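So the chains spell out like this:
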Amino acid sequence: MSCAGEADWWVPLVDGTERLGLLRVRSVVDDARAREDADRLAALVALLITAKRASSDTLARLVRTEPLNIAAEMAWNLMPPSTYADGRVVISAAMEPAHRISGDVYEYALDGPLVHLTLLDAMGHDTAAGLCGALALGACRNSRRQGAGLVAKGEAVEAALIDQYDLRRYVTGILATLDTRTGVLSWVNRGHQPPIIIRGNRWSSHLLCPPAHPMGTGLGLVSTVCREQLQPGDRVVLCTDGITEARRPGAGEFGLERFTDFLIRRHADGLPVPETLRRLIQAVLDYHDGDLQDDATVLMCEWLGPAVDDTASAAALTGLSAAGDPPAAPGTRHGSSRPRRPWRRTARARWCGVPRHTDPAPGRNPGDRGRPPRADA
């Protein structure tokens, strides 16, 4: 409890669009200058956390709610932050069980006007699956950075897996590229569930796009590059079978229809993209009585249009916009470079600066279900 004249705030800690946690600030003065100081302090703390978390075991222990398995330790240090936004795209990912990953990995990367999206699901539910997924992601990243296209990336992953495992292990996946200048989405399906396009209140899954064989099996099927013309506001959704095949005793699978209906309803509600995925993961966990038997991973990318400078829509879609905030510069890392205005914590314990849609889960950050454990501050 604060004394008379003191003010308490809960100020969000963010690195770009990645949610790091909350900072409680107490001030003996309650005025605009104190609020500005709280903003700046939060920005500095977020910067320090971001700078130190790759090399600080102390921070790693503090932010974890339970120990990671070996596969999770590898995966979270290979994958990018779970949320990114600029004027062209908003990207968000979620994965559970966050502390007991098997073989799922995701990646997104920007190359000028191109946005590369990758979702991989390695065979098995053990440490070997984690090693296989890490090898596949490394091979995909390595070939892409040498200029390989979609088909060549899949072949590079397959070659690495066969060389290491001699046809004993395989990885399914979607390798995709979005050209933000035109909105053309291109992808190769390597034995995986096809992408889902959320457009308004409809969805479409490209089942007619022929998949090639899983990478590592050496079956020799031809990889086909599929294409779809997106419209501004379309959401591309990639997921692993742990999402749609989650089941509980006496009930059927969570299912593709339930999955897509959930996304469409949350899209219609106007929820920020990270919050949509947080609620989706929570719904899958609830359906499975909180005990998933397989990794459940989803990667979502919304194309806003070709203009990189207009970041107002992206800020709103990530839940980081605030009344009166000026538009951010292209690719601005909100919070670490531009402080936000906190709200005072009242007797009703509002989470200041956190999107009003967020429903904080016990023991976790508000709005961050499915976040990498390293960011559970």
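Here's what I pulled together on the structure shown here. Fair warning: this is a prediction, and the values are worked out from it, not measured in the lab.

### Describing the state of the cysteines
In step 1: In the structure shown here, the tally under the stated rule is one disulfide.
In step 2: In this model, Cys-209 is linked to Cys-226 through a disulfide, with the two sulfur atoms separated by 1.4 Å. Separated by 17 residues along the polypeptide, Cys-209 in the loop between β10 (202-205) and β11 (226-229) and Cys-226 in strand β11 bring together distant segments of the chain. Of the two residues, Cys-209 and Cys-226, neither departs from the other in class, the shared state being buried.

### Here's the deal with the nonpolar core
In step 1: Counting residues in each nonpolar core, the largest one holds 46 residues, and the members touching the most others are Trp-76 and Leu-117.
In step 2: Apart from the residues lying within four places of it in its own chain, the contact partners of Leu-117 are Ile-91, Glu-107, Tyr-108, Ile-174, Leu-175, Ala-176, Leu-238, Leu-299 and Cys-301.
In step 3: One finds Ala-94, Cys-239, Leu-263 and Leu-280 within the second-largest nonpolar core, a separate group that totals 25 residues.

### Side note on helix α4 (residues 127-144)
In step 1: The end-to-end C-alpha distance of α4, which contains 18 residues, comes to 26 Å, matching closely the 26 Å that a straight helix rising 1.5 Å per residue would cover.
In step 2: When α4 is considered as a whole, its buried residues turn out to be Ala-129, Gly-130, Cys-132, Gly-133, Ala-134, Ala-136, Leu-137, Ala-139, Cys-140, Arg-141, Ser-143 and Arg-144.
In step 3: Structurally, α4 contributes buried residues whose contacts are with α3 (70-78), β5 (104-111), β6 (114-122), α5 (150-165) and β7 (171-179).

### Remarks on the sheet that holds strand β8 (residues 184-190)
In step 1: In spatial order, the strands read β5-β6-β7-β8-β11; together these five strands make up an open sheet with antiparallel pairing. Both edges of this open sheet fall to β5 and β11, since each of them pairs with a single strand only. Neighbour-to-neighbour, the strand axes of the sheet open up by a mean angle of 15 degrees, direction not taken into account.
In step 2: As paired elements, β5 and β6 share eight bridges and run antiparallel to each other. Pairing of Leu-110 across the sheet is with Val-115, part of β6.

### Section: the environment of His-125
In step 1: Along the chain, the position of His-125 falls in the loop between β6 and α4.
In step 2: Classification of His-125 as exposed rests on a relative accessible area of 52%.
In step 3: In this structure the C-alpha to C-alpha distance between His-125 and Asp-295, which are 170 residues apart in sequence, comes to 8.2 Å.

### Here we look at the packing of aromatic side chains
In step 1: For the structure shown, the criterion picks out one aromatic pair.
In step 2: Ring plane angle 40 degrees and centroid distance 6.2 Å describe the contact between Tyr-84 and Tyr-108, whose orientation is recorded as tilted. With a gap of 24 residues between them, Tyr-84 in strand β3 (residues 83-85) and Tyr-108 in strand β5 connect regions that are remote in the sequence.
In step 3: Overall, the relative accessible area of 9% leaves Tyr-108 in the buried class.

### What about the pattern of salt bridges?
In step 1: Counting across every chain of the model gives 18 salt bridges.
In step 2: One salt bridge connects Glu-158 with Arg-190, and the closest N-O pair in it is separated by 3.7 Å. Taken as a pair, Glu-158 in helix α5 and Arg-190 in strand β8 lie far apart in primary sequence, 32 residues in all.
In step 3: What makes Glu-158 buried here is its relative accessible area of 13%.
In step 4: The exposure class of Arg-190 is buried, given its relative accessible area of 2%.
In step 5: Salt bridges here are not isolated pairs; linked through shared partners, they connect Asp-8, Arg-24 and Arg-26.

### A short note on the side chain of Ser-92
In step 1: Looking at the secondary structure, you find Ser-92 in strand β4 (residues 89-96).
In step 2: Judged by its relative accessible area of 2%, Ser-92 falls in the buried class.
In step 3: For Ser-92, the side chain forms a polar contact with the main-chain oxygen of Ser-82, separated by 3.4 Å.
In step 4: A polar side-chain atom of Ser-92 sits 3.3 Å from a polar atom in the side chain of Thr-83.

### Looking at the pairing of β11
In step 1: Burial along β11 is one-sided: Cys-226 and Glu-228 are buried, while Arg-227 and Gln-229, pointing the other way, are not.
In step 2: Bridge count for β8 against β11 is four bridges, and the pairing is antiparallel. Its bridge partner being in β11, Trp-187 is matched across the sheet by Cys-226.

Criteria and thresholds
- Residues numbered from 1 in each chain as written.
- Predicted model: local features only at pLDDT ≥ 70, side-chain atom pairs only at ≥ 80, totals over all residues.
- Heavy atoms only, no water.
- Disulfide = S-S within 2.5 Å.
- Helix = DSSP H or I, 4+ residues; strand = E, 2+ residues; numbered from the N terminus.
- Buried < 20%, exposed > 50% of the residue type's maximum accessible area, 1.4 Å probe, protein only.
- Core = buried A, V, L, I, M, F, W, Y, C linked by side-chain atoms within 4.5 Å.
- Contact = heavy atoms within 4.5 Å.
- Expected span 1.5 Å × (residues − 1).
- Pairing = 2+ DSSP bridges.
- Axes fitted to C-alpha atoms, helices over the stretch in contact; angles between N-to-C directions.
- Phe/Tyr/Trp six-rings, centres within 6.5 Å; stacked < 30°, edge-to-face > 60°.
- Salt bridge = Lys/Arg side-chain N within 4 Å of Asp/Glu carboxyl O.
- Polar contact = N/O pair within 3.5 Å; in protein donor to acceptor, adjacent residues only side chain to side chain.

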